[in-house]
Amino acid sequence: MLKTELLRPDAGGIAAAAAHLQAAGTVAFPTETVYGLGADARSDAAVAGIFAAKDRPRFNPLIVHVADLDAMRVLVEIPPAATPFLPLLPGPLTLVLPRRAGAQISPLVTAGLESLAIRIPAHRLAQRLLTAFGGPLAAPSANPSGKVSATTAAHVMAGLNGRISAVVDGGACAVGLESTIIGFDEQGWLLLRPGGVPVEVLEAASGQPMRRPTGTKLAAPGQLASHYAPEALMRLNADAPEPDEAWLGFGPDPAAPSGVAINLSPKADLTEAAAALFAALRKVDTRAQAANLRRIAVAKIPQTGLGLAINDRLRRAAAPRDMPVTPRAS
Ligand code: AMP
Ligand code: MG
């Protein structure tokens, strides 16, 4: 059992966080997507600490976070085909790229793959921490494996207190959904995981439609069907809740006879709903438990823009638990 330090988002907090990281510790920090659980990506011991804290399966590779493009070029080859996406960085976009032969990255990060998933976070505190630490940070979401992602320091503490070195408290995350992951093959770019950058934005940037992986070759590995799982069962695309269901709404609410209802965005705004999603899932789950409701009915969310990523997370939250499937992107 570790004593998890709650650090303030100031110079002292960043210095303390960097010191933990330099000592191969694990530090949760805010990014624009969700809180990441960071560790020195070059150190086997540090990266092992992430897997242990989260109880994360070892076959599930991690995303590496760096401060800027120069730091990215040291670790991966950036092909000319990536040029249209570079103006979107820093931001909630992860690129899966060929790892440089000499790149100093623990093999635990890549789970044996030749490629590396890498991103440049836009959050001011994430940037300050990367600069203070001075190296690449492996950082998956800061929650126990398979559970709902954390968008506040309190969420991180609820899941990982006593299992990690520290948390930098930077308030709520602005985007609220994990990064979009893209990779490429001979025919071009593929959407490996929908996320904080809508696919329409990527398509506008490149002028090409984003393909979805069909085979297992370049699929994002380790994405389990059940993920983000609340305690209650979930029923998606519902028009209204049954009397024995809690309600997670989007747009105007129908009557909720159980009295347990939370709305992601009463004005049906996908950006607002994305930012609210994980906190709302936690809250509706807690309230459902308290009211002895075993199920949460969820309103239909449009499948455009950030709706793609929201629906992806909801489908995983609703999936039968403990059932690994072949990799898939959506
Ligand atoms: P997260 O759990 O948010 O840290 O996201 C990690 C996910 O990124 C993994 O589950 C994979 O789906 C994807 N990923 C990481 N590294 C690679 C890689 N080298 N190639 C393809 N996908 C990757
Ligand atoms: Mg995660």
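Residues numbered from 1 in each chain as written. Chains lettered and ligands numbered in written order. Predicted model: local features only at pLDDT ≥ 70, side-chain atom pairs only at ≥ 80, totals over all residues. Heavy atoms only, no water.

Novice: Account for helix α8 (residues 270–290), with residues named and values stated.
Specialist: Its 21 residues give α8 an end-to-end C-alpha distance of 28 Å, which sits within 8% of 30 Å, the value for a rise of 1.5 Å per residue. Its maximal kink placed at L277, α8 deviates by approximately 50 degrees. Looking at the buried side of α8, the elements it contacts are β11 (233–238), β12 (245–249), β13 (261–263), β14 (295–299) and α9 (307–318). The N-cap residue of α8 is D269: its side-chain oxygen and the backbone nitrogen of T271 are 3.0 Å apart. In the stretch just after α8, N292 is the one whose phi turns positive, near 60 degrees. (Helix = DSSP H or I, 4+ residues; strand = E, 2+ residues; numbered from the N terminus. Expected span 1.5 Å × (residues − 1). Bend = angle between axes of the 7 residues up to and from the residue. Contact = heavy atoms within 4.5 Å. Polar contact = N/O pair within 3.5 Å; in protein donor to acceptor, adjacent residues only side chain to side chain.)

Novice: Go over the packing of aromatic side chains, please, and point to the residues and values.
Specialist: Each pair of aromatic rings is reported with the distance of its centres and the angle of its planes. Considering all chains together, one arrives at three aromatic pairs under this definition. Between the aromatic rings of F184 and W189, the centroid separation amounts to 5.1 Å while the plane-to-plane angle is 50 degrees, which identifies the pairing as tilted. What makes F184 partly exposed here is its relative accessible area of 28%. Taken together, a centroid distance of 5.4 Å and an interplanar angle of 20 degrees make the contact between Y228 and F278 stacked. Residue Y228 is found in the loop between α7 (199–206) and β11, and its partner F278 is found in helix α8; the two are separated by 50 residues along the sequence. Like F278, Y228 is buried. Among the aromatic side chains, those forming a connected cluster through ring pairs are F85, F184 and W189. (Phe/Tyr/Trp six-rings, centres within 6.5 Å; stacked < 30°, edge-to-face > 60°. Buried < 20%, exposed > 50% of the residue type's maximum accessible area, 1.4 Å probe, protein only.)

Novice: How would you explain the pattern of salt bridges if you had to name every residue and give the values?
Specialist: Going through the model one piece at a time under the given rule, you end up with twelve salt bridges. Close ionic contact of R119 with E32 constitutes a salt bridge, the shortest N to O distance being 3.0 Å. Of this pair, R119 sits in strand β6 (residues 115–119) while E32 sits in the loop between β2 (27–29) and β3 (36–40), and the two are 87 residues apart along the sequence. Residue class for R119 comes out buried when judged on its relative accessible area of 2%. (Salt bridge = Lys/Arg side-chain N within 4 Å of Asp/Glu carboxyl O.)

Novice: Please give an account of the side chain of R119 that cites residues and values.
Specialist: Among the polar contacts made by the side chain of R119, one reaches the side chain of T31 at a distance of 3.1 Å. Reaching out from R119, the side chain makes a polar contact with the side chain of H65 at a distance of 3.3 Å. Once residues within four sequence positions are removed from consideration, R119 is found in contact with T31, E32, T33, I63, V64, H65, V66, G91, P92, L93, T94 and S179.

Novice: Give me unusual backbone geometry: which residues, what numbers.
Specialist: Trans peptide bonds make up most of the peptide bonds, and negative phi angles are found at most residues other than glycine. For the peptide bond that leads from L89 to P90, omega is -5 degrees, which places it in the cis range. With respect to the helices and strands, the residue P90 is situated in the loop between α3 (69–75) and β5 (93–98).

Novice: Hey, could you go over the sheet that holds β14 for me, with residue numbers and the actual values?
Specialist: In spatial order, the strands read β11-β14-β12-β13; together these four strands make up an open sheet with parallel pairing. Of all the strands in the sheet, just β11 and β13 have a single pairing partner and so form its edges. The sheet shows a mean angle of 20 degrees between the axes of neighbouring strands, taken without regard to direction. Sheet analysis places β12 next to β13, joined by three bridges and oriented parallel. Looking across to β13, one finds that L248 is bridged to I262. Across the sheet, α8 touches β11, β12, β13 and β14, and the angle it forms with β12 is around 160 degrees. The strands touched by α9 within the sheet are β11, β12 and β14, with β11 carrying the most contacts at an inclination of about 140 degrees. (Pairing = 2+ DSSP bridges. Axes fitted to C-alpha atoms, helices over the stretch in contact; angles between N-to-C directions.)

Novice: Just give me the short version of the pairing of β6, but keep the residues and values in it.
Specialist: Of all five residues in β6, four are buried; the element is thus mostly enclosed. Across four bridges, the pairing between β5 and β6 is antiparallel. Across the sheet, the residue bridging to L95 is I118, located in β6.

Novice: An account of the environment of P57 is requested, with residue identities and associated values reported.
Specialist: Tracing the backbone shows P57 in the loop between α2 (44–54) and β4 (63–65). In this structure, the C-alpha to C-alpha distance between P57 and S145, residues 88 residues apart in sequence, is 8.0 Å. Sequence-distant contacts of P57, defined by excluding residues within four places in its chain, comprise F51 and S145.

Novice: Mind laying out the packing of α8 against α9, listing which residues take part and the relevant values?
Specialist: Across the interface, α8 lies against α9 with an axial gap of 9 Å and an inter-helix angle of 20 degrees. When the axis of α8 is compared with that of α9, the two are roughly parallel. In the packing of α8 onto α9, the handedness of the crossing is left-handed. Together, L270, A273, A274, L277, F278 and L281 of α8 and G307, I310, R313, L314 and A317 of α9 make up the contact between the two elements. For the contact of α8 with α9, the residue count by class is nine nonpolar, one polar and one charged. (Parallel < 35°, antiparallel > 145°, perpendicular 65-115°, else oblique. Left-handed = near helix turned anticlockwise from the far one by under 90°. Nonpolar A, V, L, I, M, F, W, Y, C, P; charged D, E, K, R; others polar.)

By themselves, these figures tell us nothing about what the structure is for.
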